[in-house]
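# Structure assessment
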Amino acid sequence: MVERILIADDDAVQRRLVENMVQRCGYEAIVVDSGDAAIARLTDPDVPAIDALVLDLVMPGLDGMGVLTKIRDAGLSIPVIVQTAHGGIDNVVSAMRAGAHDFVVKPVGVERLQVSLRNALNASALKGELQRIKHSREGKLTFADIVTRSAAMDNVLRTARKAATSTIPVLIEGESGVGKELIARAIHGSGERSSKPFVAVNCGAIPDNLVESILFGHEKGSFTGATERHLGKFVEASGGTLFLDEVSELPLTAQVKLLRALQEGSVEAVGGRKPVKVDLRIVSATNRKLLDRVKEGHFREDLFYRLHVLPLTIPPLRARREDIPHLLRHFLARFCAEENRPITAISGEAMTLLAQLDWPGNIRQLENAVYRAVVMSEGDQLGLTDFPQAAAQAPTMAGPSSEPLLMEPAFHSAPAIVPGNDIPAVPFFMAGTLAMLSHGGDIRPLEEMEAEIIRFAIAHYRGQMSEVARRLKIGRSTLYRKLDEAADKDSPTLESEQTD
Ligand SMILES: Nc1ncnc2c1ncn2[C@@H]1O[C@H](COP(=O)(O)OP(=O)(O)OP(=O)(O)O)[C@@H](O)[C@H]1O
Ligand SMILES: [Mg+2]
């Protein structure tokens, strides 16, 4: 959930000291005892990514300078803070030239380290955002531009990466604002067609009578108003990717034509005489369940199977809350740069609240909330009051499966009743209070309360999982298992919410 900091130092005492400080700063610490081990950890694709490295310069074997060189050679963009003994200024200069972000002199104090880490993480988030915007403009978005730390998204991205190496039709399903178009663009940008056009059509936004002409083109004079010849999206996208957004909204007559175009690999313009061959890959997206549209008779089954060859379901943000802090940091960095605002952080309270909201508008909603907060805020840190809409949504956003905890911001005094739910909401800042009775006066299920306690503990210790496990007196693996179980329990409800 929180940023992961790698500490590389051959001295066990130093390692322990820095590990402790990093944890006190609210980050997760991972330690290694050599330069080689650091490189191995940073380049291992099977373990969660590292957000920043605190690197000792003097180590036997591969030293700090060697690590920096390897990081650069491997094209890793991770920010590095080097640690140096007093008087090692020459080394520092070389390290900064080799790409280190900052340096600290041993023994470093916790405040100094915190400032350095925060700056490094902010700078790296900004760099990532700028790159994403640039790639997006150039039509070269890749999977590296997708901000995520969640296992659920890892699975989706693994499949999407494989899909990118072929022209297999991909259907992306997911709620509004989850990043369907972003993934479609990454699939295009990571494949062989990346230098060719990516053409998006919003099938839901075209008037019925113009769908065919927009997709397949028309000849001049083929209908009233057709004053010019128009190529159509299929021909425009030829050689590249055609992104059929909101494909479930395509009228039935256009579905027939689309099916024929896909089967025959050619399109016929309205009023045209002969079909034109097109070579393109189709990626479609929908925020409804396309199979349901088939069952309701709004979508042709044969077309469904043509588009649905490789389905990808993007989980809603509330099913991958561990992404929230990372997305917040990225958006904060970007909007501060765009709006020229000197905000450097989001308060722990605000972060905790934001990470617990349901975000029905998903990443787009989060992005807009940060944008608004950055523009309106007057301080150098965003706090709870900078997210009034989010805070106000808190009580109503709770679905039947939501925990009663954290529904009310501090300034509301009376405990609210969550609509549609028989559990009274406990005001967030009556921290440490657990509602044991449901609104009906019965004892709540143990499992539910346990999940609530764990969630509270994670928020309370700002995501430091070792601390959470220690305080709850359970092992870390037990903690993760319980979290997985709670998440599994959540998902069927989320599914059904999505299809409502
Ligand atoms: N993982 C992510 N990292 C960074 N930005 C993201 C991510 N996912 C989505 N976004 C941003 O969130 C916004 C919404 O994403 P996108 O347009 O891809 O969603 P969508 O699923 O297509 O939404 P809709 O169903 O409303 O069309 C965009 O600005 C996008 O750049
Ligand atoms: Mg979209």
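About the thresholds
- Residues numbered from 1 in each chain as written.
- Chains lettered and ligands numbered in written order.
- Predicted model: local features only at pLDDT ≥ 70, side-chain atom pairs only at ≥ 80, totals over all residues.
- Heavy atoms only, no water.
- Pairing = 2+ DSSP bridges.
- Helix = DSSP H or I, 4+ residues; strand = E, 2+ residues; numbered from the N terminus.
- Axes fitted to C-alpha atoms, helices over the stretch in contact; angles between N-to-C directions.
- Contact = heavy atoms within 4.5 Å.
- Near = heavy atom within 4 Å.
- Polar contact = N/O pair within 3.5 Å; in protein donor to acceptor, adjacent residues only side chain to side chain.
- Areas by Shrake-Rupley, 256 points an atom, 1.4 Å probe, with all protein chains shown as cover.
- 1 Å grid on protein atoms, 1.4 Å probe; cavity = no way out; pocket = protein on both sides within 12 Å on 5 of 7 lines; lining within 4 Å.
- Sits in = over half its atoms within 2 Å of the grid points.
- Nonpolar A, V, L, I, M, F, W, Y, C, P; charged D, E, K, R; others polar.
- Buried < 20%, exposed > 50% of the residue type's maximum accessible area, 1.4 Å probe, protein only.
- Right-handed = clockwise from strand over helix to strand, strands pointing away.
- Core = buried A, V, L, I, M, F, W, Y, C linked by side-chain atoms within 4.5 Å.
- Parallel < 35°, antiparallel > 145°, perpendicular 65-115°, else oblique.
- Left-handed = near helix turned anticlockwise from the far one by under 90°.

On to the sheet that holds strand E3 (residues 52-56). The five strands lie next to each other as E2-E1-E3-E4-E5, forming an open sheet whose pairing is parallel. The open sheet is flanked by strand E2 (28-32) and strand E5 (102-105), the only strands paired with a single partner. If you compare each strand with its neighbour and ignore which way they point, the axes differ by 20° on average. Bridge count for E3 against strand E4 (residues 80-84) is four bridges, and the pairing is parallel. Across the sheet, residue Leu53 finds its bridge partner in E4, namely Val80. Helix-sheet contacts for helix H5 (residues 110-138) involve strand E1 (4-8), E3, E4 and E5, and the interaxial angle to E5 is about 170°.

Let us now look at the site of ligand 1. The local shell around ligand 1 holds 17 residues, among which Ser176, Gly177, Lys180, Arg364 and Glu367 are the closest. The contact in question runs from an oxygen atom of ligand 1 to an N or O atom on the backbone of Gly179, over 3.1 Å. Within the side chain of Glu367, an N or O atom sits 2.8 Å from an oxygen atom of ligand 1. Considering ligand 1 on its own, with 630 Å² of exposed area, one finds that the protein chains cover 86% of that surface. Judged by the proximity of its atoms to the pocket grid, ligand 1 belongs to the second largest pocket. For the shell around ligand 1, the secondary-structure elements that each account for two or more residues are helix H7 (180-189), helix H13 (324-339) and helix H15 (362-376). Residues belonging to the shell around ligand 1 are distributed by class as follows: seven nonpolar, four polar and six charged.

Let us now look at the pairing of E1. Of all five residues that make up E1, five are buried, and the element is covered over most of its length. Neither face of E1 is open: one carries Arg4, Leu6 and Ala8, the other Ile5 and Ile7, and all of them are buried. Relative to E2, E1 runs parallel, the two sharing five bridges. Note on E2: the bridge partner recorded for Ile7 is Val31. Remark: the E1/helix H1 (residues 12-24)/E2 crossover connection has right-handed handedness. As paired strands, E1 and E3 are joined by four bridges and run parallel to one another. Residue pairing in the sheet places Ile5 in a bridge with Ala52 of E3.

Once that is clear, we can look at the nonpolar core. As a rule of thumb, soluble globular proteins bury nonpolar side chains together. If you look at the biggest cluster of nonpolar residues, it comprises 29 residues, and the most contacted ones within it are Leu215, Phe234, Leu242, Leu244, Ile282 and Phe299. Elements that contribute at least two residues to this core include exactly strand E7 (198-202), helix H8 (211-216), strand E8 (241-245), helix H10 (252-264), helix H11 (290-295) and helix H12 (301-307). In terms of residue count, H10 provides more of this core than any other element does, five residues in total. Beyond its immediate chain neighbours, meaning those up to four positions away, Leu242 contacts Val199, Val201, Lys233, Phe234, Ala237, Leu280, Arg281, Ile282 and Val283. Core analysis: the second largest hydrophobic core is formed by 26 residues, Cys336, Ile343, Leu357 and Leu366 among them.

A word on the packing of helix H2 (residues 35-43) against helix H3 (residues 64-73). The geometry of H2 relative to H3 is characterised by a closest axis approach of 9 Å and an angle of 20° between their N-to-C directions. Comparing their axes, H3 and H2 come out roughly parallel. Of the two possible hands of crossing, H2 and H3 adopt the one that is right-handed. When H2 is examined against H3, the residues Gly35, Ile39 and Leu42 are found in contact with a partner set consisting of Val67, Lys70 and Ile71. Taken together, the residues that form the contact of H2 with H3 break down as four nonpolar, one polar and one charged.

Bringing the sheet that holds strand E12 (residues 310-313) into the picture now. Strand order in the open sheet formed by five strands is E7-E8-E11-E6-E12, and the pairing between neighbours is parallel. Since the sheet does not close on itself, it has two edges, and those belong to E7 and E12, each with one partner. Looking at each pair of strands side by side, their axes are set apart by 20° on average, direction ignored. As defined by bridge partners, E7 adjoins E8 across five bridges and the pair is classed as parallel. If you follow Ala200 over to E8, its bridge partner there is Phe243. The sheet contacts of H7 involve strand E6 (170-173), E7, E8, strand E11 (281-286) and E12, and relative to E6 the element is tilted by about 155°.

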